[in-house]
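Okay, here's what each chain looks like letter by letter:
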Amino acid sequence: MDWKGDVAVHTGSQCMEYAGHMTGRNFSVQGNILAGESVLKAMMEAMERQGGPLEERLVSALEAAEASGGGDRRGGRQSAALLIVSLTREFEPGSSKFMDIRVEDSMEPVKELARLRDLWLDTFFRE
């Protein structure tokens, strides 16, 4: 997605099933080795219905993916990440990074990502 909100995506023909993408106003959702198209639909619906800051909408989309059937068709969950670049909000002057957090090894990576997101906001942005 560019700075105007225009979205361009591509899912290659040699990805592992299920792979795909969907786009909406100012966002895209995509994945591979997913449980099915229902995962992308759940993520898209979450992005469309959820108002508020991007960091909340992204975590809501990941939560919706899990609720729709687990996301990854292999069944396991281990990691999750958020990287948000912004011209107006940055935690490190000159970096353009607003948020850069990741969970590398967790039994509940999306829940842990939400906790770290809140801690990040408390540390860098909330007064």
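Residues numbered from 1 in each chain as written. Predicted model: local features only at pLDDT ≥ 70, side-chain atom pairs only at ≥ 80, totals over all residues. Heavy atoms only, no water.

Novice: Provide a residue-level description of the overall build of the protein, including the pertinent values.
Specialist: Helix and strand counts for the protein come out as 3 helices and 4 strands. In sequence order, the protein lays out its α and β elements as β-β-α-α-β-β-α. Taking the principal axes of its C-alpha atoms as reference, the protein extends roughly 45 × 35 × 25 Å. Across the 127 residues of the protein, 33% fall into the buried class. (Helix = DSSP H or I, 4+ residues; strand = E, 2+ residues; numbered from the N terminus. Buried < 20%, exposed > 50% of the residue type's maximum accessible area, 1.4 Å probe, protein only.)

Novice: I'd like a description of the packing of helix 2 (residues 54-67) against helix 3 (residues 109-124), backed by residues and values.
Specialist: One can describe the packing of helix 2 onto helix 3 by two numbers: an axis separation of 10 Å at closest approach and a directional angle of 170°. Considering their axes alone, helix 2 and helix 3 lie roughly antiparallel with respect to each other. On helix 3, the residues that touch Glu55, Glu56, Val59, Leu62, Glu63 and Glu66 of helix 2 are Val110, Leu113, Ala114, Arg117 and Leu121. (Axes fitted to C-alpha atoms, helices over the stretch in contact; angles between N-to-C directions. Parallel < 35°, antiparallel > 145°, perpendicular 65-115°, else oblique. Contact = heavy atoms within 4.5 Å.)

Novice: Describe unusual backbone geometry, and please don't skip the residues or the numbers.
Specialist: With omega at -15°, the peptide bond leading from Glu17 into Tyr18 counts as cis. Within the secondary structure, Tyr18 sits in the segment before strand 1 (20-24). In this structure, Asn26 is a non-glycine residue whose phi angle is positive, near 70°. Position of Asn26 relative to the elements: it lies in the loop between strand 1 and strand 2 (27-31). The class of Asn26 is partly exposed, set by a relative accessible area of 35%. Positive phi, normally seen in glycine, also occurs at Ser96, with a value near 65°. Tracing the chain through its elements places Ser96 in the loop between strand 3 (80-85) and strand 4 (97-103).

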